[in-house]
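Here's the letter readout for the chains.
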Amino acid sequence: MAPAKAMAVVVLAVLLLAASSATAVHDYGDALHKSILFFEGQRSGKLPPDQRLRWRHDSALHDGATAGVDLSGGYYDAGDNVKFGFPMAFTATLMSWGLIDFAKNFGAHEGEARRAVRWATDYLMKATATPGTVYVQVGDAGRDHACWERPEDMDTPRTVYKVDRDHPGSDVAAETAAALAAGSIVFREADPAYSQRLLDRAVEVFEFADKYRGPYSSSLHSAVCPCYCDFSGYQDELLWGAAWLHKASRRREYRDYIRRNEVALHAGDTINEFGWDNKHAGINVLISKQQYIIALSRSTVVKRGAHMPPFASRRSPAFSIDYRIQQTVIDPCSVYVVKEVLMGKDEFFQSFRVNADNFICSLLPGISGQHPQIQYSPGGLLFKVGNSNMQHVTSLSFLLLAYSNYLSHANARVPCGSGGGGGGGATPLQLRRVAKRQVDYILGDNPLRMSYMVGYGPRFPQRIHHRASSLPSVSAHPARIGCRDGAAWAVSPAPNPNLLVGAVVGGPSNTTDAFPDARAVFQQSEPATYINAPLLGLLAYFSAHPDLAQ
């Protein structure tokens, strides 16, 4: 090992040890419940009788009417009253991923988490009900942002925007397909009929996304920019959508699609990024799971006479996967040893695993100096240049945790700075410690000793950039508050009258750990659904493994 790399590994170990010893005890289950509750505050449409954030009321009941479709429901993405389909679909995908990988850790919160996913997938089913069309936005962002009013009062244009054959949007369509496919896995046991409908629609939407290629930013221009322009191109979403469709359906065609398009669609590009716009790191982590499952399955043992899983046959036409099963006797009871589970050839997955390994190494303290886009604040917060830093913190931490889970099952390490030999590299436990350190920072283990989740802990943001939270509720102020009338509340130094429980704000925007708690500084004080979405899986896991020893 080179001296510089050896020193980096030592620094990593020291930082991880310090982080693990400095964190306080948190109620991750309470934080998980509140993080799910946040989504009820973001609901659009007719609210159900069991709505728990009672200061919210029905809103935007006629969305889609101008286009002759029903687009009521779904989520407002952040502190405004526009429904942006691109981040909403990503939100649904990440909530589902957390439930898929960590379902057993959700415990009593699994049902409410599924309901949060369904509020999004029900809307996405409406948005894709017309063949060859995906409705991707409701609301004029420019007009909406010029007003400060409650969603229950809004009178700005509810303009409907769509992508179709003549105005392609492969990025938003493929992300929508990914969300529907991931959702189909979440509901596979709880509601098989709904699960199948989601999967069938995902197949249709992905076919449309792939056949009519182009970025939705080019088709819709100022309607979606600058708020949610697709800066990374649509290629990553096509691979991402195919990966989720393969995971949900196990159809050979999606595996073959990924194999054919790995280079053409730039699977390894900008690997140190993951969010609503750029899926590259997520693609490699998700697909690399197949590599680790393959490595593990060569020693998987299933007793003779026991119930064999539906895929454990010599050939499964439904999944188009070849299985080679060898019968062996290792004790008085005969057993089957599944020697190989082949998705084509093992080496097909190798590049994704290498990409994922490199990405994981780029996030680790002490190693990340080799990757200037990843920094850590003095207080230990992962930091990337740009607005709303917590979106990077939660999404990247989720990938760290998911990858550590795959590594644990495969009894593997990430070969950071070790060249992959001699037992060096980062262990799954080290990855989990880094992820947990970020979650603990959000919950209050930071220089300001404040939680960045509204309603969690004794000190949290009081003046979040959020129209509905900052204005008096309809119950407290039945009279309509017009577009300009809300300005007085927007600039007021008073705390928000309505607690948006569970909302995680953008947080510190530089490496100084500073936070102004000012409504006007939206880059730091605005919550967003895609900040909370990956946090669900993280909080579920740490609620079940608070000491990381399990």
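Keep in mind it's a predicted model, so treat the numbers as computed, not measured.

What counts as what
Residues numbered from 1 in each chain as written. Predicted model: local features only at pLDDT ≥ 70, side-chain atom pairs only at ≥ 80, totals over all residues. Heavy atoms only, no water. Axes fitted to C-alpha atoms, helices over the stretch in contact; angles between N-to-C directions. Helix = DSSP H or I, 4+ residues; strand = E, 2+ residues; numbered from the N terminus. Parallel < 35°, antiparallel > 145°, perpendicular 65-115°, else oblique. Left-handed = near helix turned anticlockwise from the far one by under 90°. Contact = heavy atoms within 4.5 Å. Nonpolar A, V, L, I, M, F, W, Y, C, P; charged D, E, K, R; others polar. Salt bridge = Lys/Arg side-chain N within 4 Å of Asp/Glu carboxyl O. Buried < 20%, exposed > 50% of the residue type's maximum accessible area, 1.4 Å probe, protein only. Disulfide = S-S within 2.5 Å. Expected span 1.5 Å × (residues − 1). pLDDT = per-residue confidence, 0-100. Phe/Tyr/Trp six-rings, centres within 6.5 Å; stacked < 30°, edge-to-face > 60°. Lys NZ or Arg CZ within 6 Å of the ring centre and 35° of its normal.

A. Highlighting the packing of helix α2 (residues 28-41) against helix α4 (residues 110-127). Remark: α2 packs on α4, axes separated minimally by 10 Å, with the N-to-C direction vectors making an angle of 30 degrees. With respect to their mutual orientation, α2 and α4 come out roughly parallel. α4 is crossed by α2, and the crossing has left-handed handedness. Residues His 33, Ile 36 and Phe 39 of α2 form the contact with α4, whose own contacting residues are Glu 112, Ala 113 and Ala 116. Of the residues assigned to the contact of α2 with α4, the class counts are four nonpolar, one polar and one charged.

B. Summary view of the pattern of salt bridges. Counted by the stated rule, this structure contains 23 salt bridges. Across the salt bridge formed by Arg 114 and Glu 110, the nearest N and O atoms sit 3.2 Å from each other. Of the two residues, Arg 114 and Glu 110 are both situated in helix α4; the distance of four residues between them amounts to about one turn of the helix. Asp 256 serves as the salt-bridge partner of Arg 259, at 3.0 Å between the closest nitrogen and oxygen. With Arg 259 and Asp 256 both in helix α10 (residues 252-261) and three residues apart, this pair spans about one turn of that helix. By relative accessible area, which is 15% here, Asp 256 ends up buried. Put simply, Glu 40, Arg 52 and Glu 112 are held in one network by salt bridges that share partners.

C. Broad picture of the state of the cysteines. In total, this model carries three disulfides according to the counting rule given. Shown here is the disulfide that connects Cys 147 with Cys 483, its sulfur atoms set 1.9 Å apart. Because the sign of the S-S torsion sets the handedness, a value of about -85 degrees for the bond joining Cys 147 and Cys 483 places this disulfide among the left-handed ones. Placement of Cys 147 in the loop between α5 (141-145) and β3 (160-164) and of Cys 483 in the loop between α15 (467-470) and α16 (487-490) is noted, with a sequence separation of 336 residues between them. Cys 147 gets classed as buried once you look at its relative accessible area, which sits at 7%. Each disulfide pairs two cysteine sulfurs, and for Cys 225 the partner residue is Cys 229, the sulfurs being separated by 1.9 Å. Residue classification places Cys 225 among the partly exposed positions, given a relative accessible area of 21%. Of the residues examined, Cys 229 reaches a relative accessible area of 9% and is grouped as buried. Numbered by position along the chain, the disulfide-linked cysteines of the chain connect as 1-6, 2-3, 4-5.

D. Here's a closer look at helix α7 (residues 192-211). Compared with an ideal rise of 1.5 Å per residue, which puts 20 residues at 28 Å, α7 spans 29 Å between its outermost C-alpha atoms and is within 8% of the ideal. Regarding α7, the residues found buried are Tyr 194, Ser 195, Leu 198, Leu 199, Arg 201, Ala 202, Val 203, Val 205, Phe 206, Phe 208 and Ala 209.

E. Seen up close, the confidence of the model for the chain. Looking at the chain, the pLDDT average stands at 85 and 82% of residues meet or exceed 70. Overall, residues 1-22 carries pLDDT values under 50, and its contacts beyond four positions in sequence, including any with other chains, amount to 21 contacts.

F. How the structure looks around the packing of aromatic side chains. Tallied over the full model, the rule gives 24 aromatic pairs. Three or more aromatic residues link up through ring pairs in this structure, and these residues are Tyr 28, Phe 90, Trp 97, Phe 102, Trp 240, Trp 244, Phe 274, Phe 398, Tyr 541 and Phe 542. Over the aromatic face of Phe 187 sits the side chain of Arg 118, whose NZ or CZ is 5.8 Å from the ring centroid. Cation over ring: Arg 118 sits above Tyr 194, and NZ or CZ is 3.6 Å from the ring centre.

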